[in-house]
Amino acid sequence: MNIGDVSERSGLPAKTIRYYEDIGLVRPSRSENGYREFGSQDLHKLAFLARARSLGFTIEECRTLLSLYEDRHRSSSDVKRLAKTHLARIDQKIGELQALSATLRDLVTRCQGDDRPDCPIMNDLARSGTA
């Protein structure tokens, strides 16, 4: 398969596939004329990477996951530990976003939204820069 074929089948843009090649996540063979030639294993790796990235894993975590995937003697505890660490970061981020949402919701509720210049949202933003 050429890069266009594997892009279509994996759902990844060709630019992303080239980047993954540049950083060593995939290593397609090259034809005599220098074009990339992707096999079914390359396609599978790209689909694996696409799914891992869609779950929010970093490139380095993807590298580790791919290495674990290719190691038939891996311990599932290694995979679980990586996933649990990632999940903890997601949960922390959710908590931070919920706090931001509550703060902004309060400011929006307090703002009259009329023609007057007084605005609790603007006051809060201006106050934050002087703390």
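Since the structure is predicted, the reported quantities are computational estimates derived from the model, not experimental observations.

Chemist: Quick question: what am I supposed to make of the domain arrangement of the chain here?
Modeler: Often, the extent of an interface is quoted as the loss of accessible area on bringing the components together. Parsing the chain into structural domains produces domain 1 (1–57) and domain 2 (75–131). Summarising the inter-unit geometry, the C-alpha centres of domain 1 and domain 2 are found 36 Å apart.

Chemist: Would you mind showing me how to read the nonpolar core here?
Modeler: The nonpolar side chains of soluble globular proteins are, as a tendency, buried together. Ile17, Tyr20, Leu46 and Leu49 are the most contacted members of the largest nonpolar core, which totals 19 residues. Of all the secondary-structure elements, those providing two or more residues to this core are helix H1 (3–10), helix H2 (14–22), helix H3 (40–54) and helix H4 (59–70). With five residues, H3 is the single largest residue contributor to this core. If we skip the residues at most four places from it in the chain, tyrosine 20 touches Leu12, Leu25, Val26, Leu46, Leu49, Arg53 and Ile59.

Rules and cut-offs
Residues numbered from 1 in each chain as written. Predicted model: local features only at pLDDT ≥ 70, side-chain atom pairs only at ≥ 80, totals over all residues. Heavy atoms only, no water. Domains from an automatic or database assignment. Core = buried A, V, L, I, M, F, W, Y, C linked by side-chain atoms within 4.5 Å. Buried < 20%, exposed > 50% of the residue type's maximum accessible area, 1.4 Å probe, protein only. Helix = DSSP H or I, 4+ residues; strand = E, 2+ residues; numbered from the N terminus. Contact = heavy atoms within 4.5 Å.

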